[in-house]
Amino acid sequence: MSDSSIVKDLFAVKLCPTTSALCTRYASRKQSRPSNMVIRPGQFSFAGESEPRYLPPGWSSFVQPEGQLYFARNTAPRIVTDAYLYQPQVQERMLLFAAEVAKVMDAKQIILPDTAEVYLYPSNTEEVCHYFVADHATRTLSWFEEVDLDELCIPDVVSDSHLRFALEDLYFQHVEQFPSHCPRGLSLSVDDLIAIFIHGQGDHMTSSNSTFPYQAKECKNFIRILESAKQRMEQPSSVCIVARLWSVVSRHRLHTHYAQERARLSREQMILDLPETPRGRIFAATSRLLVGIPEMYAEKLDSLFADEVVFVHPWREFMSQCRAEWQQSLSWSLGLAIVNALTLALAPFSSVIASLSLLCCAVTLIGSLTLLLTYNDAHTWCADRAASFLYATKDTSPGFRRVALAFSTPRAAFMWAAFIASFQTLYVLQRATNVFVLAALVGVVFIVRMPWGRWSRKACSILPRWRRDREAPADLQV
């Protein structure tokens, strides 16, 4: 079936810009229906292979290392697609869209280099096809018309060189998805990538705030993988994994403003002019009531989401620590609740104190269980999912006020439960003696806790110089 035979059924078609990051192959909901088959005598052996399915002239099928079937056309303009061309209806639409590409190029007098290929994917709408142009010589994506970054879901940039990192990231995602047809001009510079991972490994080993996306141990493993892949670059699996790592590096450079006027050199460094979000007096007062723990959590979340960028390993470490703290608060509050329940049944103890402490233990138990169930897998989230969570949380509650209060509830409630329960000792002492003994004990504790050392140093500092020299021991004089 030729392109011209398809064009005679021409209806208004539209090429819609897209990117490799908007690919839906990993979110596809299409389902297969296996059925019974009969194996013919000698099938795949002495009787030979089955008759190949029909593809239009110039088209061939390939398999991505993960198993995705895709198709490529080796005639100008070169085209790749993961639409299933073995279905006649899809094949007809694809040929129609390929003819539209040639028509647009002729109308705009566009001549693609031999190293470029056009990605096409028909949408659910009959007349719309998504597309982009990938150039293997320049390692970028491009389009036939002007496009806005927001339209393509590309983050804002500060310069043309900064934009190039975004397009390189998308280009390498395209190569990762279509690595098997040996595109012309493909050069992945494996030695440069190995050097980048060597620096990332050393950076993590010598710095506690490295921005490199992989830790030292992971870098070591990736270097070993890249050394092996370098010897087998004719294999699609090697091309796929090298392109994937280049994509990570390009995205890292985009987020850290690599080679720009202001680059992010540490994870907690803020380089964007974003408005500050004060948390307000109510949050400050509530934080003091909860022993300052909400403020601590809010500041930690701010540092994890500096400039609205998330690094996955600090996020996972933070959530692992949170889970450990909630589990510890859960077990400790359970033990304290048992003690409070026993004191309620014993005469020498105060039922009011025990009830208040038991109430705080109940808050700790409920809060810990709720948080552990809600964030049961948060310590395994990827950076994109963590960023989505933090962005939504910050948007609904500026300054992370709500989540900071929620995260701090178990620990703060347990501290209040323990503090209230400690008054049982004073209550028993007052009943065993009298109020004057209790007052004397409190007075002694107060006197001991006074900062006598700081006051004495301050008094000494205001004495005349000669007086201090006379009072200084002889063995300390210079």
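Everything numeric here is computed off the predicted structure, so don't read it as measured data. (Residues numbered from 1 in each chain as written. Predicted model: local features only at pLDDT ≥ 70, side-chain atom pairs only at ≥ 80, totals over all residues. Heavy atoms only, no water.)

1. Thoughts on a nonpolar patch on the surface
Here is step 1: On the surface, a nonpolar cluster with roughly 550 Å² of combined accessible area is contributed by Leu-289, Val-291, Met-415, Trp-416, Phe-419 and Phe-423.
Here is step 2: Here the nonpolar patch gets 3 residues from one element, more than from any other, and that element is helix H12 (residues 401-421).
Here is step 3: Note that Trp-416 resides in helix H12.
Here is step 4: Taking relative accessible area as the criterion, Trp-416 reaches 32% and is therefore assigned partly exposed. (Patch = residues over 30% accessible without salt bridge, like charges linked within 9 Å, V, L, I, M, F, W, Y side chains within 5 Å. Areas by Shrake-Rupley, 256 points an atom, 1.4 Å probe, with all protein chains shown as cover. Salt bridge = Lys/Arg side-chain N within 4 Å of Asp/Glu carboxyl O. Helix = DSSP H or I, 4+ residues; strand = E, 2+ residues; numbered from the N terminus. Buried < 20%, exposed > 50% of the residue type's maximum accessible area, 1.4 Å probe, protein only.)

2. Let's talk about the packing of aromatic side chains
Here is step 1: A full pass over the atoms with the stated rule returns 29 aromatic pairs.
Here is step 2: Ring geometry for Phe-165 versus Tyr-258: centroids 5.8 Å apart, planes at 80 degrees, classification edge-to-face. Residue Phe-165 is found in helix H3 (residues 160-177), and its partner Tyr-258 is found in the loop between helix H6 (236-255) and helix H7 (280-289); the two are separated by 93 residues along the sequence.
Here is step 3: By relative accessible area, which is 39% here, Tyr-258 ends up partly exposed.
Here is step 4: The interplanar angle of 85 degrees and the centroid separation of 5.8 Å between the aromatic rings of Trp-416 and Phe-419 together place this pair among those described as edge-to-face. Residue Trp-416 and its partner Phe-419 are both found in helix H12; the two are separated by 3 residues, about one turn of the helix.
Here is step 5: Within the aromatic cluster, the residues linked to one another by ring pairs are Tyr-297, Trp-315, Phe-318, Trp-326, Tyr-375, Trp-381, Phe-389 and Phe-407.
Here is step 6: Over the ring of Phe-178 we find Arg-25, and its NZ or CZ is 5.2 Å from the ring centre. (Phe/Tyr/Trp six-rings, centres within 6.5 Å; stacked < 30°, edge-to-face > 60°. Lys NZ or Arg CZ within 6 Å of the ring centre and 35° of its normal.)

3. Brief notes about the pattern of salt bridges
Here is step 1: Inspection of the entire model under this criterion finds 12 salt bridges.
Here is step 2: With its nearest N and O atoms 2.5 Å apart, the salt bridge here joins Asp-307 to Arg-264. One end of the pair, Asp-307, is in the loop between helix H8 (293-304) and helix H9 (312-344); the other, Arg-264, is in the loop between H6 and H7, with 43 residues separating them in the sequence.
Here is step 3: Arg-264 gets classed as buried once you look at its relative accessible area, which sits at 3%.
Here is step 4: A salt bridge links Arg-279 to Glu-295; the nearest nitrogen and oxygen atoms lie 3.4 Å apart. With Arg-279 in the loop between H6 and H7 and Glu-295 in helix H8, this residue pair connects regions lying 16 residues apart in the sequence.
Here is step 5: Taken together, the shared-partner salt bridges in this structure form one network comprising Glu-66, Glu-176 and Arg-244.

4. Observations concerning the environment of Lys-300
Here is step 1: Checked against the element boundaries, Lys-300 lands in helix H8.
Here is step 2: In this structure the C-alpha to C-alpha distance between Lys-300 and Phe-318, which are 18 residues apart in sequence, comes to 8.7 Å.

5. Observations concerning the pairing of strand S5 (residues 116-122)
Here is step 1: Counting buried positions over the 7 residues of S5 gives 6, a clear majority of the element.
Here is step 2: As defined by bridge partners, strand S4 (residues 79-81) adjoins S5 across 2 bridges and the pair is classed as parallel. When the sheet's bridge partners are listed, Val-80 is paired in S5 with Tyr-119.
Here is step 3: Taken together, S4, helix H2 (residues 88-107) and S5 form a β-α-β motif whose crossover is left-handed.
Here is step 4: Sheet analysis places S5 next to strand S6 (residues 128-135), joined by 7 bridges and oriented antiparallel. (Pairing = 2+ DSSP bridges. Right-handed = clockwise from strand over helix to strand, strands pointing away.)

6. A look at the layout of surface pockets
Here is step 1: Counted as a void, the second largest pocket has a volume near 950 Å³.
Here is step 2: For the second largest pocket, the lining is made up of 29 residues, of which Thr-24, Ser-28, Lys-30, Asp-82 and Tyr-121 are closest to its centre.
Here is step 3: Broken down by secondary-structure element, the contributors of at least two residues to the lining of the second largest pocket are H2, S5 and S6.
Here is step 4: Sorting elements by how many residues they give to the lining of the second largest pocket places S5 first, with 3 residues.
Here is step 5: In terms of residue class, the lining of the second largest pocket is made up of 12 nonpolar, 13 polar and 4 charged. (1 Å grid on protein atoms, 1.4 Å probe; cavity = no way out; pocket = protein on both sides within 12 Å on 5 of 7 lines; lining within 4 Å. Points joined across faces, edges and corners; volume = space filled by probe spheres on them. Nonpolar A, V, L, I, M, F, W, Y, C, P; charged D, E, K, R; others polar.)

7. Here's the deal with the nonpolar core
Here is step 1: If you look at the biggest cluster of nonpolar residues, it comprises 63 residues, and the most contacted ones within it are Leu-120, Phe-144 and Phe-197.
Here is step 2: Here the element with the most residues in this core is H2; it accounts for 9 residues.
Here is step 3: Residues within four places of Leu-120 in sequence aside, it is in contact with Leu-15, Ile-79, Val-80, Thr-81, Asp-82, Met-94, Phe-97, Ala-98, Val-101, Cys-129, His-130 and Tyr-131.
Here is step 4: Counting 27 residues, the second-largest nonpolar core is a separate cluster that includes Tyr-297, Cys-322, Leu-371 and Val-403. (Core = buried A, V, L, I, M, F, W, Y, C linked by side-chain atoms within 4.5 Å. Contact = heavy atoms within 4.5 Å.)

8. Thoughts on H12
Here is step 1: Over its 21 residues, H12 extends 29 Å from the first C-alpha to the last, a length consistent with the 30 Å expected when each residue adds 1.5 Å.
Here is step 2: When the local axis directions of H12 are compared, the greatest deviation, roughly 50 degrees, occurs at Thr-409, which is followed within four positions by the proline Pro-410. (Expected span 1.5 Å × (residues − 1). Bend = angle between axes of the 7 residues up to and from the residue.)

9. Here we look at a negative patch on the surface
Here is step 1: Together, Glu-145, Asp-148, Asp-150, Glu-151 and Asp-156 make up a negatively charged patch on the protein surface.
Here is step 2: When you line up the elements, Glu-151 lands in the loop between strand S7 (140-142) and H3.
Here is step 3: Taking relative accessible area as the criterion, Glu-151 reaches 44% and is therefore assigned partly exposed. (Lys, Arg positive; Asp, Glu negative; His and termini not counted. Charge placed at Lys NZ, Arg CZ, Asp CG, Glu CD.)

10. Brief notes about the confidence of the model for the protein
Here is step 1: Averaged over every residue, the pLDDT of the protein is 87; the share at 70 or more is 87%.
Here is step 2: Counted against residues more than four places away or in other chains, residues 1-10, with its pLDDT under 50, gives 14 contacts.
Here is step 3: Considering only residues more than four positions removed or in separate chains, one finds that residues 470-478, a stretch of pLDDT under 50, has 3 contacts. (pLDDT = per-residue confidence, 0-100.)

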